[in-house]
Amino acid sequence: DALFWRFGDQKAVRRGDWKLVTLPAEGTRLYNLSSDIGEAKDLSAANDATVREMTGLLEDWEKGLRPPAWKRAPARQTRPAARQQRNAAPRRRQTNTPAPRVN
């Protein structure tokens, strides 16, 4: 059995210890989760047969799906005034608590 998921143009399949991830900007990556749970080392170049097999599984699964309903939004552009305000010194937090009494 395999587990599939998709978010916009990003998609992945996991089968056993293998996980294939496809990212639009980065391409296809293959990980062996039994030895690399943090997905730090891409093994796609050394495991071409596994990449082809899992890509086929992913493509077959996608045939039964609708195209993604949304695309990832572009990064927001900030206005110069908002950027300056964020970079300013932090303001003191105002509270409704009275100052402590000194006797």
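Residues numbered from 1 in each chain as written. Predicted model: local features only at pLDDT ≥ 70, side-chain atom pairs only at ≥ 80, totals over all residues. Heavy atoms only, no water.

Trainee: Sorry if this is basic, but what is going on with the sheet that holds strand S2 (residues 10-15) here?
Mentor: The strands that make up a sheet pair up through hydrogen bonds in the backbone, lying either parallel or antiparallel. Across the sheet, 4 strands lie side by side as S1-S2-S3-S4; this open sheet has antiparallel pairing. In this open sheet, the two strands that pair with only one neighbour each are strand S1 (3-7) and strand S4 (27-32). This sheet shows a mean twist of 10° between the axes of neighbouring strands, independent of strand direction. Across the sheet, helix H1 (residues 48-62) touches S1, S2, strand S3 (18-23) and S4, and the angle it forms with S2 is around 115°. (Pairing = 2+ DSSP bridges. Helix = DSSP H or I, 4+ residues; strand = E, 2+ residues; numbered from the N terminus. Axes fitted to C-alpha atoms, helices over the stretch in contact; angles between N-to-C directions. Contact = heavy atoms within 4.5 Å.)

Trainee: Please explain the packing of aromatic side chains as it appears in this structure.
Mentor: Where two aromatic rings form a pair, the distance of their centres and the angle of their planes describe that pair. Within this structure, the stated rule accounts for 1 aromatic pair. Aromatic side chains Phe-4 and Trp-61 sit 5.1 Å apart centroid to centroid with 10° between the ring planes, which places their arrangement in the stacked category. Of the two residues, Phe-4 sits in strand S1 while Trp-61 sits in helix H1, which places them 57 residues apart along the sequence. For Trp-61, a relative accessible area of 25% translates into the label partly exposed. (Phe/Tyr/Trp six-rings, centres within 6.5 Å; stacked < 30°, edge-to-face > 60°. Buried < 20%, exposed > 50% of the residue type's maximum accessible area, 1.4 Å probe, protein only.)

Trainee: Help me understand the nonpolar core in this model?
Mentor: Within soluble globular proteins, side chains that are nonpolar tend to cluster in buried spots. In terms of nonpolar packing, the biggest core is built from 6 residues, these being Val-13, Leu-20, Leu-30, Val-51, Met-54 and Leu-58. If you tally residues by element for this core, the top one is H1, at 3 residues. (Core = buried A, V, L, I, M, F, W, Y, C linked by side-chain atoms within 4.5 Å.)

Trainee: Honestly, the pattern of salt bridges in this entry has me stumped. Any pointers?
Mentor: Opposite charge on two side chains makes pairing possible when the charged atoms of those side chains draw close. Inspection of every chain in the model, using the stated rule, returns 6 salt bridges. The salt bridge involving Glu-39 is made with Lys-19; its shortest N-O contact spans 2.6 Å. Of the two residues, Glu-39 is situated in the loop between S4 and H1 and Lys-19 in strand S3; the sequence distance between them amounts to 20 residues. A relative accessible area of 12% places Lys-19 in the buried class. In this structure, the salt-bridge partner of Glu-26 is Arg-29, at a minimum N-O distance of 3.2 Å. Its relative accessible area of 47% is what places Glu-26 among the partly exposed residues. (Salt bridge = Lys/Arg side-chain N within 4 Å of Asp/Glu carboxyl O.)

Trainee: How do you make sense of the pairing of S1 when you look at a structure like this?
Mentor: Looking along a regular strand, one sees the side chains alternate between the two faces of the sheet. Where S1 and S2 come together, 5 bridges link them in antiparallel fashion. Each bridged residue has a counterpart across the sheet, and for Arg-6 the counterpart in S2 is Lys-11. What sits between the antiparallel neighbours S1 and S2 is a turn of 2 residues, in which Gly-8 has the positive phi angle 60°.

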